[in-house]
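# Examination of the molecular architecture
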Amino acid sequence: MPSMPVGLTRDLPAGRVMHAEVDEVDVVVWRAANGEIAAWNNRCPHRGMALSHGFVRGNSLACLYHGWHYERSGRCSYIPAHPDLEPPATIHATKYAIAEEGGVIWVAIDGDASGSENDLDPLRSMIVDASEETLLTAASATALGGGLPDAGPEGQFSFGADVVRLLCNALGDDRTQVTVLASPALPVPRRRALSRWCEAMRRLAEKGGAS
Amino acid sequence: MTAFTLYNYVLSGNCYKIRLMASLLGLDYETIAVNFYPGFEHRSDAMLALNPAGTLPVLTAGDTVLTDTQAMLGWLALNHDPSRQWYPAADPLLGPEVLQWLAFSGRLTNSAGLARLHAMLNWPVDGEAARRAAVRDLRELELILTDRVFEGRTWLVGDRPTIADIACFPYVALSPDAGLEHDGYPAIRNWLYAVRSLPGFTTMPGIHELHELREPADG
Amino acid sequence: MSLDYAKNDWYAVADIFCLKDGPRQTRLLGTDLTVTGPADTATVTDAEGNRYPAQLRFDHVWTTLGDAPRTLFEIPQGDEPGRRRVPCGVVRVRCSPLRAVENFLDIAHFPFVHTDILGSEPQTEVRPYNVEIRDETDEVWATQVKFFQPQAARSAGDGIITEYDYRVPAPTTAVLYKTCPPKPEAQDVIAIFVQPVSETECDVWPWMALYDDESTFSEMVQFQHEIFVQDRSILENQRPVKLPLDPRMEIPMRADLTSVAYRRWLKKHGAFYGALTEDA
């Protein structure tokens, strides 16, 4: 399965944890103190608690329920209820491939992860209650400053010289996580306007598509 | 001599706004536990005599009796914040912005707050309508906080946390209690983390400690 | 199949407070019920008008849907004079009723979920304790459980080493007996009566019978609400939702002996409502 965009680099500083969903698999994505990111199955093998509620200490992710620590390798390194115990090597998180490129984080459930090359800046990440097809159709029918976009390939939309690109990660039949990229170094008012264009696109998409 | 008395229920997000603000200001205060649930004591004759609206929290200090959470936040900031930063009431631009966010926080109480009461304590309200309204409010907040990211700013008003942030924080942080997760709101997640990282921050059930800020137990 | 065992147990479906202003509409094991007060002569009926037996015990109305119900267990401390009995209302949780019970039996989570109340880092170690299934009553018991607690009860002053006994008298009820600061020769009793709404949703009724002449009723209820709702956000985030009874699915440690015994007991009795098992 291909890599899916799950969020922006800027939204996951060092020491932070987030939840993602890729190919209907629950995933925890986290960044260690040393800056390295990891994507694991979002389930602590102890009692099934979501690791995305956990906390980062140094380069380990700890589960919120009983504080079990997992190193970057995925191996459980510390069990607070038994501080002197060396946890068996069989206790480990299930790892997935992850890549970070151009300010976007990509996860693959099977195989390697890679980003897509582009010279755009990340704008924002959002969830739309519509299919990818519906929202891309809505995007082409949503105006900005009085003009409809020119629709390009692969979710790219242009407003004159300004480009917006929608990277989609299907979360279900009618639910899509959208990572929005835009032309680099846009002035702040332009970025705010594009962000509002995203809202308008979502409103149209959730009404059932372009009219 | 404590700064005030708070008529309180531990699971109330509105009561928590006052507990949180007091903790951030380093204030001592007296708490009177009111049996909001299951006793509905806030609607007893004694409590209605104190607050005819029949709501919690209630704040008393000397002759002052305040029954609106936003007013209480203003009172705390104006009477117990020598830095005058938590509520810049005299600032002609920032002051009104704070008031606008306080009004927004009232909408959150009636959307996300109500959805939570329905999901957790079976409150007899239209849970689905409350959830839909909560999604609208969360999306609105995400949009503005995304603007803040573009502007290189962290807080809702100005460059410092204010009572605007404290008023909006609880029901946003607690929205997962009603099944409204924060997956689609990365700007909200970062803002929640900033609030939780403030010196003097205190939690309530449903909002966990930032264990990462504690001394590590072991390697 | 999963209902076979479950329907012959008794379940709390109301308390002495909630029937005062009218009947309670609720759902038990997937069946919609109406509970009509007063609590001491409550009636329980379903949508077709069928009546089910009802009894008032431990300040709650209990009912059963089965034709051959087992005897409801006893908690004698509830009748001791001088104790304050505190029904705490009901909290709805989207989790398996069995996960709710198992969480109540667990202490290793205290420093992380009930931070600075029932536990604190670095005092996270769970020392060995005893677990048995008592044949005469067919109940799971854990005894001599000890943990250091910064604020063990409303009646506690500074941090103390708290001693616990845990008891599971039925699949969806857990009782704990803990150190009682004002009266060290006695034990405070705290229980959860879990009403299974469905296999993946439950209404939890916390109840206490303790010695505390200082705290107000509201203060005691709120202490219990605080603890329980801290657990709620854990319970709603465990997967799979149903409790796995296959020991290979979730890895226990020595600290989890009570939960291991509980899962084994459930499997042995075929108490599969809310459980994930090949046999269900």
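Calculation criteria
Residues numbered from 1 in each chain as written. Chains lettered and ligands numbered in written order. Predicted model: local features only at pLDDT ≥ 70, side-chain atom pairs only at ≥ 80, totals over all residues. Contact = placed C-beta atoms within 7 Å. Helix = DSSP H or I, 4+ residues; strand = E, 2+ residues; numbered from the N terminus. Nonpolar A, V, L, I, M, F, W, Y, C, P; charged D, E, K, R; others polar. Domains from an automatic or database assignment. Pairing = 2+ DSSP bridges. Axes fitted to C-alpha atoms, helices over the stretch in contact; angles between N-to-C directions.

## Description of the interface of chain C and chain A
Much of the literature gives interface size as the accessible area that the parts lose upon coming together. Residue-level contacts link 18 residues of chain C with 18 residues of chain A. The element best represented in the side of chain C that touches chain A is helix 3 (residues 110–113) of chain C, accounting for 3 residues. Of the residues in the side of chain C that touches chain A, the class split is 10 nonpolar, 4 polar and 4 charged.

## Things to note about the environment of A:Gln156
When you line up the elements, A:Gln156 lands in strand 13 (residues 156–159). Sequence separation between A:Gln156 and A:Ser140 is 16 residues; the distance between their C-alpha atoms is 9.5 Å.

## Points about the domain arrangement of chain B
Residues and elements named next belong to chain B. We note that the domain assignment places domain 1 (5–80) and domain 2 (94–196) within chain B. With 11 residues of domain 1 in contact, the opposing surface of domain 2 contributes 12 residues. Contributions of two or more residues to the side of domain 1 that touches domain 2 are made by helix 1 (13–25) and helix 3 (69–80). A class-by-class count of the residues in the side of domain 1 that touches domain 2 yields 6 nonpolar, 4 polar and 1 charged.

## Quick notes on unusual backbone geometry
Following B:Tyr37, the chain continues to B:Pro38 via a peptide bond in cis, the omega torsion being 5°. Tracing the sequence through the fold places B:Pro38 in the loop between strand 2 (30–33) and helix 2 (45–50). Residue C:Pro122 is bonded to the preceding C:Glu121 through a cis peptide linkage, with omega at 0°. In this structure, C:Pro122 sits in the loop between helix 3 and strand 10 (130–134). Phi at C:Asp59 takes a positive value of approximately 65°, unusual for a residue other than glycine. Topologically, C:Asp59 is positioned in the loop between strand 6 (54–57) and strand 7 (60–63).

## What about the interface of chain A and chain B?
Every contact between the two is made by 23 residues of chain A and, on the other side, 17 residues of chain B. Elements represented by at least two residues in the side of chain A that touches chain B include exactly strand 1 (4–8), strand 5 (55–57), strand 11 (121–128) and helix 2 (188–206) of chain A. For the side of chain A that touches chain B, the element with the most residues is helix 2 of chain A, which contributes 5 residues. Residues of the side of chain A that touches chain B, tallied by class, amount to 11 nonpolar, 6 polar and 6 charged.

## With respect to the pairing of strand 6 of chain C
Consecutive residues of a regular strand have side chains that alternate between opposite faces of the sheet. All names here are of chain C. As defined by bridge partners, strand 6 adjoins strand 7 across 4 bridges and the pair is classed as antiparallel. Within strand 7, the residue paired with Leu56 across the bridge is Val61. Adjacent in sequence and paired antiparallel, strand 6 and strand 7 are bridged by 2 residues, among which Phe58 carries a positive phi angle near 50°.

## Some details on the sheet that holds strand 10 (residues 104–108) of chain A
All names here are of chain A. Within the open sheet, the 6 strands sit side by side as 1-10-9-4-3-2. Their pairing is antiparallel. On the outer flanks of this sheet lie strand 1 and strand 2 (17–22), each paired with one strand and no other. Within the sheet, the average angular offset between the axes of one strand and its neighbour, ignoring direction, is 30°. With 5 bridges connecting them, strand 9 (residues 95–101) and strand 10 associate as antiparallel partners. Residue pairing for strand 10: Glu101 is matched across the bridge by Val104.

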